[in-house]
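A structural walkthrough
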Amino acid sequence: MNCPEAMTQIYDLANTTTHSSSHNSQQSRTPAQNAELIREVGLKCISFNGIPRTINTLGAFHASLPTSVQSQLSQRNPTRDFTSSNLEARKRDGLALWDSVYLGFERKLLNKLAQSHPDLPVHILNGHYANLLSNPPEHAQRWQESEENENGNGIEPVGRVLTSLVAIACLRAQTGVGPQVVSHVFGLRKAYEHGDAHAEGEKPVEGGEWLASDDGNIWMLESVDRLVHAIGGGEGTTFAPGIRPKL
């Protein structure tokens, strides 16, 4: 929805929810940990909303954080650089994620994309699924270290299930991309049907299995629609503000 301040409101809500649920160890999170997770989600939105919106949103989000939280965010070296030692492994990670999401149609879809442009599947796989949407192995290790050290704040992996939820939310709010919404809804369902949601290194997502059900799918899509209406004031998407069809 191109509404950077909404991310800060989500952050404030997450901190309130965390505080009220502190008795539940699974939900006991620090403000810095919430910020790390939210900005990882924001980064992955590049694949669905584009680079400019993500630049604006992440910039506004960081500027809105208290300096005490800003100082706790990870400032380590970038984790998604391709190197001569990790290139082939990261490409395999991207293809594995693609296969998981589009299982049953994975090669047919790549061939169809290549008909549109031979480099289209290359860019989607290597520039997005390998380099961004799949997580570098060190993310899980850093998060584990962070959880073991109550003062630590690692990069929380936005895993298989959360990545599908990000895709569905972005695409549903965007409108006009119905086939992609449907694909990622089925991708979410496949995460549980084929066990990828419980693979090694995946963090359990509370309510995730229900979200992957018929009722959960409907609730999720309707919830996004309500948010779009609230943020957009009933005007709908902002991907082409001021431009309305003549008919």
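Quick look at the structure, then. (Residues numbered from 1 in each chain as written. Predicted model: local features only at pLDDT ≥ 70, side-chain atom pairs only at ≥ 80, totals over all residues. Heavy atoms only, no water.)

Quick word on the packing of aromatic side chains
The full count for this structure, using the stated rule, is 5 aromatic pairs. Judged by centre distance (5.7 Å) and plane angle (80°), the ring pair of Y11 and F61 falls under edge-to-face. A residue pair is termed long-range when its members are at least 10 positions apart, and Y11 in helix 1 (residues 4-20) and F61 in helix 4 (residues 51-64) qualify at 50 residues. Note on accessibility: Y11 and F61 belong to one class, buried. Ring centres of Y102 and Y129 lie 6.4 Å apart, and the angle between their planes is 55°; on these two criteria the pair is classed as tilted. (Phe/Tyr/Trp six-rings, centres within 6.5 Å; stacked < 30°, edge-to-face > 60°. Helix = DSSP H or I, 4+ residues; strand = E, 2+ residues; numbered from the N terminus. Buried < 20%, exposed > 50% of the residue type's maximum accessible area, 1.4 Å probe, protein only.)

Some thoughts on helix 8 (residues 120-133)
The end-to-end C-alpha distance of helix 8, which contains 14 residues, comes to just 16 Å, noticeably less than the 20 Å that a straight helix rising 1.5 Å per residue would cover. For helix 8, the full list of buried residues reads P121, L125, H128, Y129, A130, L132 and L133. For helix 8, the elements touching its buried residues are helix 2 (31-44), helix 3 (46-49), helix 6 (87-101), helix 7 (106-116), helix 10 (160-174) and helix 11 (178-193). (Expected span 1.5 Å × (residues − 1). Contact = heavy atoms within 4.5 Å.)

Notes on unusual backbone geometry
Look at N2: it is not a glycine, yet its phi comes out positive at around 55°. With respect to the helices and strands, the residue N2 is situated in the segment before helix 1. Relative accessible area serves as the criterion here: at 39%, N2 is assigned to the partly exposed category. Even without being glycine, T175 reaches a positive phi, approximately 65°.

Notes on the packing of helix 2 against helix 4
Following both chains from N to C, one finds helix 2 and helix 4 inclined at 165°, their axes separated by 9 Å at the closest point. Accordingly, the angle class assigned to the pair helix 2 and helix 4 is roughly antiparallel. Seen from above, helix 2 lies across helix 4 with left-handed handedness. For the pair helix 2 and helix 4, the contacting residues are A35, I38, R39, G42 and L43 in the first and T54, L58 and F61 in the second. When the residues that make up the contact of helix 2 with helix 4 are grouped by side-chain class, the tally is 5 nonpolar, 2 polar and 1 charged. (Axes fitted to C-alpha atoms, helices over the stretch in contact; angles between N-to-C directions. Parallel < 35°, antiparallel > 145°, perpendicular 65-115°, else oblique. Left-handed = near helix turned anticlockwise from the far one by under 90°. Nonpolar A, V, L, I, M, F, W, Y, C, P; charged D, E, K, R; others polar.)

A look at the nonpolar core
F48, W98, V161, L188 and Y192 are the most contacted members of the largest nonpolar core, which totals 29 residues. Taken together, the elements giving at least two residues each to this core come down to helix 6, helix 7, helix 8, helix 10, helix 11 and helix 13 (214-232). Here this core gets 7 residues from one element, more than from any other, and that element is helix 10. With near-sequence residues (within four places) excluded, F48 lies in contact with L133, V166, A167, C170, L171, Q174 and H184. Within the second largest apolar cluster, 9 residues are counted, among which are A35, F61, L65 and L73. (Core = buried A, V, L, I, M, F, W, Y, C linked by side-chain atoms within 4.5 Å.)

Some remarks on the pattern of salt bridges
Enumeration over the complete set of coordinates arrives at 6 salt bridges. The salt bridge partner of R39 is E36, with a shortest N-O separation of 3.1 Å. Here R39 and its partner E36 are both found in helix 2, 3 residues apart, which amounts to about one turn of the helix. Judged by relative accessible area, R39 falls into the partly exposed class, the value being 23%. For E36, a relative accessible area of 1% gives the class buried. Note that E40 is salt-bridged to R80, the shortest N-O span being 3.3 Å. Here the residue E40 occupies a position in helix 2, and R80 occupies one in the loop between helix 5 (67-70) and helix 6, the gap between them amounting to 40 residues. (Salt bridge = Lys/Arg side-chain N within 4 Å of Asp/Glu carboxyl O.)

Observations regarding the environment of L133
Inspection of the secondary structure assignment puts L133 in helix 8. Since its relative accessible area comes to 4%, L133 is described here as buried. Spatially, the C-alpha atom of L133 lies 9.8 Å from that of V41, the residues being 92 residues apart in sequence. Ignoring any residue separated from it by four or fewer positions in sequence, one finds L133 in contact with K44, S47, F48, L97, H128 and T163.

A short note on the state of the cysteines
Summed over the entire model, instances satisfying the criterion amount to 0 disulfides. For the unlinked cysteine C170, the closest cysteine sulfur is that of C45, found at 3.5 Å. Taking the relative accessible area as the measure of exposure, C170 reaches 9% and is therefore buried. (Disulfide = S-S within 2.5 Å.)

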